[in-house]
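# Fold and contact review
Each chain, written out:
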Protein chains: 2
Amino acid sequence: MQERVTVIDLARRAGVSKSTVSLVLQGSELVHATTREKVQAAIRELGYIYNRGAANLRQHKSKTKIVGIVVNDLTNGFFAELTVGMDATVQASGFVQFLANSGESVDRQREVIASMREHGIAGLIISPARGTEAADLKSIVASGIPVVLVVRDVVGAKVSTLLSENYEGTRAAVRHLVDLGHRQIAFLGGFSDTHVFTERVQGYVDGLAEAGLERREGFLVNAAPSRAGGAEAIERLLSQRGPAATAAVCLNDAVAFGVFDGLRRRRLEPGVDFSVVGFDDVIEARTAVPALTTVSVDPQAMGQRAAQLVLKQVLSGRVEAEAIRTSVRLVVRQSTAALVRPDISEVTA
Amino acid sequence: MQERVTVIDLARRAGVSKSTVSLVLQGSELVHATTREKVQAAIRELGYIYNRGAANLRQHKSKTKIVGIVVNDLTNGFFAELTVGMDATVQASGFVQFLANSGESVDRQREVIASMREHGIAGLIISPARGTEAADLKSIVASGIPVVLVVRDVVGAKVSTLLSENYEGTRAAVRHLVDLGHRQIAFLGGFSDTHVFTERVQGYVDGLAEAGLERREGFLVNAAPSRAGGAEAIERLLSQRGPAATAAVCLNDAVAFGVFDGLRRRRLEPGVDFSVVGFDDVIEARTAVPALTTVSVDPQAMGQRAAQLVLKQVLSGRVEAEAIRTSVRLVVRQSTAALVRPDISEVTA
DNA sequence: CTGTTAGCGCCTTCAG
DNA sequence: CTGAAGGCGCTAACAG
């Protein structure tokens, strides 16, 4: 347990003054090379560790080199990858990160943010827990600390946001299904009260139009954006009279899983008898469901972009007062469902 | 962008002195309830944020409430879970954590540790990158900061270590194979120069003895603890004369994957024709290999224990000078291979 | 180019 | 129970 080595020890050892040492520490060119070398030797010999806390206290524009990262569920592979992407960028910029897992608890989230602020963060990236409100972010935003929201939005929060490209994603999904030979494509799940729903449905509508397909009213089925909602939606869809749908784009993967449940109840094999594409929001156990084609983002890339976004604001000292919608590249992860049975309409009779 | 509010602002607002405010901040009972309430009102009204950096600078026994966590590969689900376990414990103790992903790079690892020390960590938990040496940890250990090694050991490092229970694990593996009906069980991979190997082989030997099985010399095959080594080992094993092995315990999962490669080359179906149990060290793509039974630890539980270990040392101010071997509970994750063909010996002819 | 002086925001005596 | 003074390790101005 050695005593703390300070600039004074360094100064004494090198035979110079504190300020000279300080200049060396900051890599100033104002110090003679010989002197600098002496100081650096002292640093090595004494095992000196720079104390950023103290430095920071003194510096007038005291921006720390710490960013806070709060993630809603780190056990989820998606968010783990997201974190890795952030980590790489943060590290490369000479910053370190506080990381906390909120586990979908807004209480824990509030606590960790408070704690991080006490420790002094220069910026915050947060993938908010379900139920997070703009009010939860108000204080930190008011303090002038740049905040970036990833993956999930918080309505009314005046901060930068990094979300997936909803419109393009659904369009790509529709195109994918059309390429597989589908002509009767439904859109399942969600209600028109959310921004996400609106964007995705618009992509669906335009995707159909581009493929020269007619849009059928009954093919847009509103339902809760949950597994239960998905089961309900597919049930309603397949009970309709008229031409039967052979494929569906789901609002998200939770809905898609529900659709699978419903299909199986009807003795249909998902991915074979009926193609499903889900937006990758909930991102649970994807790998366990190979029949589900998902519209997803590259989590590491997304993490990197999020980190770049905060760091840019931190370094420039300008926080973006207005909300920014930054889109990310979408990738269709799987393409099963190439085996759709042409006679599927019989089954739905 | 509001100005920083300090204890002085608080004092002015509440009409008391700085020191009174300070006492309130520390939850001291020496302050009259009325006064305390006034101060707390000021805190709320002014949006005061406690500055731990400053507090820490002043406090003589300046232990921060920050622990550093360095993980070798966060994209690996195992380590993500491990991190979550640490996070939970760290958070619950009112600490925050710096997290860094070394990505198996000792250089990055060194950099992030240095960075964390500058920022002031009270303790460090590290799952070291491959190639980490005791020398890499020497400086931080000398400084009196508690260091805990998880998952992987670093030879010669005089720090607390949290590794899996090698002996018990192999014994359990052998028992598992015996329960499946195997009588000819081999041990593949590794050389007797490592502690891990010795422990695991001992478990194998004792496991056989407990089952009343004879130990055959040829069934202990030394080979590099790698995928290539595994392939080589199974090749050598199956080329032997005498009773053929029907199952094997592998030094680790890398070896097990190599064994799979070798089996497939011989047109054997792993998990059906030949049972394999691997120790879960490398932990790559486990989920993609359902035929592999692994001896694994519960990553979250391990993370929690690791965090408890550092925190105990941090809070007590006593770093454990001697290396501690703390074992963890082992779980057999899968039990495939119940279908071992009785006629497997023919195949090896 | 180097040394001196004065704090950053907070906590600790030590008197009142 | 409260106020005044000093200093943690560092950097910002100044002088030299």
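Quick note: structure is the one above.
As a starting point, this report considers the structure included with it.

About the thresholds
- Residues numbered from 1 in each chain as written.
- Chains lettered and ligands numbered in written order.
- Predicted model: local features only at pLDDT ≥ 70, side-chain atom pairs only at ≥ 80, totals over all residues.
- Helix = DSSP H or I, 4+ residues; strand = E, 2+ residues; numbered from the N terminus.
- Buried ≥ 20, exposed ≤ 12 C-beta atoms within 10 Å, placed from the backbone.
- Contact = placed C-beta atoms within 7 Å.
- Core = buried A, V, L, I, M, F, W, Y, C linked by C-beta atoms within 7 Å.
- Nonpolar A, V, L, I, M, F, W, Y, C, P; charged D, E, K, R; others polar.
- Near = placed C-beta within 6 Å.
- Least-squares fit on C-alpha atoms with pLDDT ≥ 70 in both.
- Axes fitted to C-alpha atoms, helices over the stretch in contact; angles between N-to-C directions.
- Parallel < 35°, antiparallel > 145°, perpendicular 65-115°, else oblique.
- Left-handed = near helix turned anticlockwise from the far one by under 90°.
- Pairing = 2+ DSSP bridges.
- Right-handed = clockwise from strand over helix to strand, strands pointing away.

## Structural notes on the overall build of chain A
- Each helix and strand counted, chain A has 13 helices and 12 strands in total.
- Buried residues in chain A amount to 48% of all 349 residues.
- Counting only contacts in chain A whose residues sit at least 6 apart along the sequence, the fraction spanning at least 24 positions is 72%.

## A look at the nonpolar core
- If you look at the biggest cluster of nonpolar residues, it comprises 95 residues, and the most contacted ones within it are A:Ile125 and B:Ile125.
- Excluding residues that lie within four positions of it along the chain, A:Ile125 makes contacts with A:Val67, A:Ile69, A:Met86, A:Val148, A:Val150, A:Ala306, A:Ala307 and A:Val310.

## Re the interface of chain A and chain B
- Residue-level contacts link 39 residues of chain A with 39 residues of chain B.
- Of all the secondary structure elements, the ones that give two or more residues to the side of chain A that touches chain B are helix H4 (52-58), helix H5 (77-92), strand E2 (96-101), helix H6 (106-119) and helix H7 (134-142) of chain A.
- Along the lines of polarity and charge, the residues of the side of chain A that touches chain B split into 16 nonpolar, 17 polar and 6 charged.

## Side note on the protein's contact with DNA strand C
- In the vicinity of DNA strand C lie 26 residues, with A:Val16, A:Ser19, A:Arg58, B:Thr6 and B:Ala55 positioned nearest.
- Of the residues that constitute the surface near DNA strand C, the class distribution is 10 nonpolar, 11 polar and 5 charged.

## A closer look at the relation of the copies chain A and chain B
- Of the transformation placing chain A onto chain B, the axial shift is 0.1 Å and the rotation is 179°, giving an RMSD of 0.2 Å. Between the two chains, the operation in question is that of a two-fold axis. For chain A, the minimum C-alpha distance to the rotation axis belongs to A:Phe98 and amounts to 2.3 Å.

## A short note on the protein's contact with DNA strand D
- Around DNA strand D, 27 residues are found, and the nearest of them are A:Thr6, A:Ser22, A:Ala55, B:Ser17 and B:Arg58.
- When residues of the surface near DNA strand D are traced back to their parent elements, those giving at least two are helix H2 (18-25) and H4 of chain A together with helix H2 (18-25) and helix H4 (52-58) of chain B.
- For the surface near DNA strand D, the class distribution of residues is 10 nonpolar, 12 polar and 5 charged.

## A short note on the packing of helix H10 (residues 227-239) of chain A against helix H11 (residues 253-265) of chain A
All names here are of chain A.
- Across the interface, H10 lies against H11 with an axial gap of 6 Å and an inter-helix angle of 50°. When the interaxial angle is binned, H10 and H11 end up oblique. Relative to H11, the crossing made by H10 is right-handed. In this structure, H10 contributes Arg227, Ala228, Gly229, Gly230, Ala231, Ala233, Ile234 and Glu235 to the contact, and H11 contributes Ala254, Val255, Ala256, Phe257, Gly258, Val259, Asp261, Gly262 and Leu263.
- Of the residues contributing to the contact of H10 with H11, the split by class is 10 nonpolar, 4 polar and 3 charged.

## Quick word on the environment of B:Ala42
Residue and element names in this part refer to chain B.
- Its place among the elements puts alanine 42 in helix H3 (residues 33-46).
- Taking the C-alpha atoms as reference points, alanine 42 and aspartate 253, separated by 211 residues in sequence, lie 59 Å from one another.
- Every residue in contact with alanine 42, bar those within four places of it in the chain, is listed here: Leu10, Arg13 and Ala14.

## A short note on unusual backbone geometry
Residue and element names in this part refer to chain B.
- The phi angle at valine 151 is positive, at roughly 65°, despite the residue not being glycine.
- Mapped onto the secondary structure, valine 151 falls in the loop between strand E4 (147-150) and strand E5 (160-162).
- If you check the backbone angles, arginine 267 has positive phi at about 65° while not being a glycine.
- Positionally, arginine 267 belongs in the loop between helix H11 (253-265) and strand E9 (275-279).

## What about the packing of helix H1 (residues 7-14) of chain B against H3(B)?
Residues and elements named next belong to chain B.
- Close contact between H1 and H3 brings their axes to 9 Å; oriented N to C, the two are set at 120°. Between H1 and H3, the angle is such that the two are oblique. Handedness of the H1/H3 crossing: right-handed. When H1 is examined against H3, the residues Asp9, Leu10, Arg13 and Ala14 are found in contact with a partner set consisting of Lys38, Val39, Ala42, Ile43, Glu45 and Leu46.
- Taken together, the residues of the contact of H1 with H3 break down into 6 nonpolar, no polar and 4 charged.

## A word on the pairing of strand E6 (residues 185-188) of chain A
Residues and elements named next belong to chain A.
- Burial of the side chains of E6 extends over both faces: Ile185 and Phe187 are buried on one face and Ala186 and Leu188 on the other.
- Inspection of the sheet shows E6 paired to strand E8 (residues 247-250) by 4 bridges, in the parallel sense. Note that in E8 the partner of leucine 188 across the bridge is cysteine 250.
- One crossover worth recording links E6 to the parallel strand E7 (residues 220-221) by way of helix H9 (residues 195-210), and it is right-handed.

## Focus: the environment of B:Leu251
All names here are of chain B.
- With respect to the helices and strands, the residue leucine 251 is situated in the loop between strand E8 (247-250) and H11.
- C-beta crowding within 10 Å serves as the criterion here: with 32 such atoms nearby, leucine 251 is assigned to the buried category.
- The spatial distance from the C-alpha of leucine 251 to the C-alpha of valine 277 is 8.9 Å, given a sequence separation of 26 residues.
- Leaving out residues up to four positions away in the same chain, leucine 251 has contacts with Leu188, Gly189, Gly190, Phe197, Arg200, Pro225 and Phe279.

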